[in-house]
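Analysis of the macromolecular model
In case you want the letters, here they are:
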Amino acid sequence: MKKLSWGMIGGGQGSQIGPAHRLGSGLDGAFAFVAGALDHNAEAGRAYAQSLGIASDRAYGDWREMLAGESARRDRVDLVTVATPNATHFEITKAFLEAGFHVLCEKPMTMTVEEGEQIVRAATNSGTICAVNYGYTGYSLVRHMRAMVARGDLGNVRLVVAEFAHGHHANAADADNPRVRWRYDPAQAGVSAQFADCGIHALHMASFVTGQEVEKLSADFASCIGSRELEDDAMVNFRMSGGVVGRLWTSSVAIGRQHGLTIQVFGETGGLRWAQEQPNQLYWTPVGGRVQIIERGEANLSPEADRSSRVTVGHAEGMPLAFANIYSDLAELIGAAKQGRPADPAAMLCPMAVDGLRSMAAVHGAVYSARSNGEWVDARPPMLRG
Ligand code: NAI
């Protein structure tokens, strides 16, 4: 089958997340990287795009030039990834959706709930796919956790405990470093720092794995480094649509923790534990039994796990392959739409704009709650309240 074509905005030279998108999109050979507006500096972006093999007429100086250029082509890109700083996601994503492009937007999808609702509407009205890069849901064993919960291995789920706690902003002497400081400055970061940056990954994963939505929450935010206006640590209690009790801790001052994303699910008949830094093992404990280690790639896992696993058991898979699973889902969804056939249901696990919207409602709800002594608040976006 002919490759789909792919373009990226942001993700320029030296960026944190650009390389993972390039690796992830290219891994299965489903996408060809043909266009980009990769940098806030037009010349640097054009030069870097060409150094990556993009033709000069598709190495754009900025996203508006790319929108005009790609819209005018018969062979326009099939998918655009938006990997720019947070405050720019809304404007760029909305413009591309309205012009009929499928988009994969980095998290957080928008800065406000209202913007999130506009993105959901824009995708619906234009009939386009708008996915959001909760890329850690692409790990094979995270998908297997979801499948185990869905098929009832744990019985009714009672409790989900999610953490995303790292220690990379714990050094008070480095707090004024401009690369760190902006993240805790409301003028640049918005209403929330650590919860909006990392906490939403953990919160979304709690929904992904349990198959339930966050309905209400109560938050406690702290700025452990006193000069910070926004939180560098947060504890959020929540309740889910099917009655699951949720606990979430996120921090950037947890010295000794690296990436720090973990998820645990406890049901009536067993418990599961998975950590992003050891993604090839899933710990399963049946009630009254011993801990068992489920290995990625072993026989008799769920179809969802098999579809998202690429090398044989015992060989480590990591983060770019999780992102590759998001791209593989999108390739299937876009390919099916182009060919007018139903998509493989297993490809429908890719997080979508509605998930990005739910996260924004949770962020704003948590900020309100934290300012109101932990008052319990409705965590659902207005357009999704029954
Ligand atoms: P970064 O600051 O390392 O890189 C940003 C890149 O975007 C730079 O190349 C910059 O020149 C470019 N850029 C800035 N404004 C632009 C514009 N208007 N047009 C075109 N290019 C522009 O940022 P980083 O860490 O790569 O984060 C980018 C986004 O990815 C953020 O929204 C962040 O939250 C998200 N992210 C997501 C992760 C995930 O696991 N899903 C992990 C890390 C970041």
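What you are looking at is a predicted structure, and each value in this text was computed from that prediction instead of being measured. One numbering rule holds for all chains: residues counted from 1, following each sequence as written. Thresholds applied to this predicted model are a pLDDT of at least 70 for local features of residues and 80 or more for the giving and counting of side-chain atom pairs; totals over whole chains, interfaces and linings are not thresholded and use all residues. Side-chain calculation: all heavy atoms of the structure are included, whereas hydrogens and water are not.

Turning next to the sheet that holds strand β6 (residues 157–165). The pairing criterion is simple: DSSP has to find at least two bridges between the two strands. A run of H or I in DSSP counts as a helix once it spans at least four residues, and a run of E counts as a strand once it spans at least two, with each numbered from the N terminus. Judged by pairing direction, the sheet is mixed, and its nine strands sit side by side in the order β13-β12-β11-β10-β6-β9-β8-β7-β14 without closing on themselves. Of all strands in the sheet, those with a lone pairing partner are β13 (292–295) and β14 (377–378), marking the two edges. Sheet topology note: the strand β7 (residues 214–222)/β14 ladder contains two bridges and is antiparallel. Paired with Leu 217 across the two strands is Val 377, which belongs to β14.

The nonpolar core is taken to be a set of buried Ala, Val, Leu, Ile, Met, Phe, Trp, Tyr and Cys residues, with the residues joined through side-chain atoms within 4.5 Å. Relative accessibility thresholds used throughout: buried, under 20% of the residue-type maximum; exposed, over 50%; partly exposed, between the two (1.4 Å probe, protein chains only). The biggest cluster of nonpolar side chains holds 81 residues, and the ones touching the most others in it are Phe 96, Phe 238 and Trp 274. The element contributing the most residues to this core is helix α9 (residues 194–210), with ten residues. Marked domain ranges trace back to an automatic or database domain assignment. Both domains that meet at this core, namely domain 1 (4–132) and domain 2 (156–267 + 356–371), each give it at least three residues.

UniProt positions are given in the numbering used here, feature names are shortened, and annotations may be inferred rather than shown by experiment. Feature annotation in UniProt assigns "domain: Gfo/Idh/MocA-like oxidoreductase N-terminal" (unreviewed entry) to the following positions: residues 5–134. Along residues 5–134 one finds 40% helix and 19% strand; the C-alpha atoms at either end are 22 Å apart.

This next bit is on the site of the ligand. By convention in these notes, a residue is near a molecule or strand provided one of its non-hydrogen atoms lies within 4 Å of it. Around the ligand, 22 residues are found, and the nearest of them are Gly 12, Gln 16, Asn 86, Lys 107 and Tyr 136. Whenever two N or O atoms come within 3.5 Å, that pair is a polar contact, provided that in protein one can donate a hydrogen and the other can accept it, and provided that, for residues adjacent in sequence, both atoms are side-chain atoms. Thr 84 places a polar main-chain atom, nitrogen or oxygen, 3.2 Å from an oxygen atom of the ligand. Interatomic distance of 3.5 Å between a side-chain N/O atom of His 201 and an oxygen atom of the ligand. For the ligand, whose free accessible area comes to 850 Å², the fraction covered by protein is 82%. Residue-level accessible areas treat just the shown protein chains as cover; the underlying method is Shrake-Rupley with a 1.4 Å probe.

Before going further, it helps to spend a moment on the domain arrangement of the protein chain. Segmenting the protein chain into domains produces domain 1 (4–132) and domain 2 (156–267 + 356–371). Centre-to-centre, using C-alpha coordinates, domain 1 lies 27 Å away from domain 2. Throughout, a residue-residue contact means that at least one pair of heavy atoms, one from each residue, lies within 4.5 Å. Facing twelve residues of domain 1, the contacting portion of domain 2 comprises twelve residues. Criterion for a salt bridge: a side-chain nitrogen of Lys or Arg within 4 Å of a carboxyl oxygen of Asp or Glu. The shortest N-O distance in the salt bridge between Asp 197 and Lys 107 comes to 3.0 Å. Where domain 1 touches domain 2, the interface holds two residue pairs in polar contact (both at pLDDT 80 or more). Partitioned by chemical class, the residues of the side of domain 1 that touches domain 2 number six nonpolar, four polar and two charged. We call Asp, Glu, Lys and Arg charged. Ala, Val, Leu, Ile, Met, Phe, Trp, Tyr, Cys and Pro are nonpolar, and the rest, Gly among them, are polar.

Bringing the pattern of salt bridges into the picture now. Counted by the stated rule, this structure contains 24 salt bridges. A salt bridge links Glu 65 to Arg 46, with the shortest nitrogen-to-oxygen separation between them at 3.1 Å. Pair noted here: Glu 65 is in helix α3 (residues 63–71) and Arg 46 is in helix α2 (residues 42–51), with a separation of 19 residues, a long-range link. Given the relative accessible area of 32%, Glu 65 is considered partly exposed. The class of Arg 46 is partly exposed, set by a relative accessible area of 22%.

This next bit is on the packing of α9 against helix α12 (residues 353–371). Note on definitions: angles span 0 to 180 degrees between N-to-C directions of axes, and those axes are lines fitted to C-alpha atoms, for helices only across the stretch in contact. Running from N to C, α9 and α12 point in directions that differ by 120 degrees, and their axes come no closer than 10 Å. Considering the angle they form, α9 stands oblique to α12. You can see that α9 and α12 cross each other, and the crossing is right-handed. Packed against α9, whose contacting residues are Phe 195, Ala 196, Ile 200, Leu 203 and His 204, the element α12 presents Asp 355, Ser 359, Ala 362, Val 363 and Ala 366 at the interface. Considered class by class, the residues forming the contact of α9 with α12 number seven nonpolar, two polar and one charged. Each angle receives one of four descriptions, namely roughly parallel if under 35 degrees, roughly antiparallel if over 145, roughly perpendicular if within 65 to 115, and oblique otherwise. Two helices crossing with the near one rotated counterclockwise from the far one by less than a right angle form a left-handed crossing, whereas a clockwise rotation gives a right-handed crossing.

Before going further, it helps to spend a moment on the UniProt feature "domain: GFO/IDH/MocA-like oxidoreductase" (unreviewed entry) in the protein chain. What UniProt calls "domain: GFO/IDH/MocA-like oxidoreductase" (unreviewed entry) maps, in this numbering, to residues 142–272. Between the end C-alpha atoms of residues 142–272 there is a gap of 10 Å, over a span that is 26% helix and 33% strand.

Time to look at the sheet that holds strand β5 (residues 130–132). Sheet strands associate in pairs through backbone hydrogen bonding, adopting either a parallel or an antiparallel arrangement. With respect to topology, five strands assemble into an open sheet ordered β2-β1-β3-β4-β5, the strand pairing being parallel. Edge strands, defined here as strands with exactly one partner in the open sheet, are β2 (31–37) and β5. On average, each strand axis in the sheet is tilted by 25 degrees relative to the strand beside it, whichever way the strands run. When strand β1 (residues 4–10) meets β2, the two strands line up parallel, connected through six bridges. Pairing of Ile 9 across the sheet is with Ala 37, part of β2. Taken strand by strand, α3 contacts β1, β2 and β3 (79–83), and its axis lies near 130 degrees from that of β2.

Looking now at the environment of Phe 101. Tracing the backbone shows Phe 101 in the loop between α4 (89–98) and β4 (102–105). Taking the C-alpha atoms as reference, Phe 101 lies 9.3 Å from Leu 67; in sequence the two are 34 residues apart. Beyond its immediate stretch of four places on either side in the chain, Phe 101 contacts Leu 67, Glu 70, Ser 71, Arg 76, Val 77, Val 80, Phe 96 and Thr 128.

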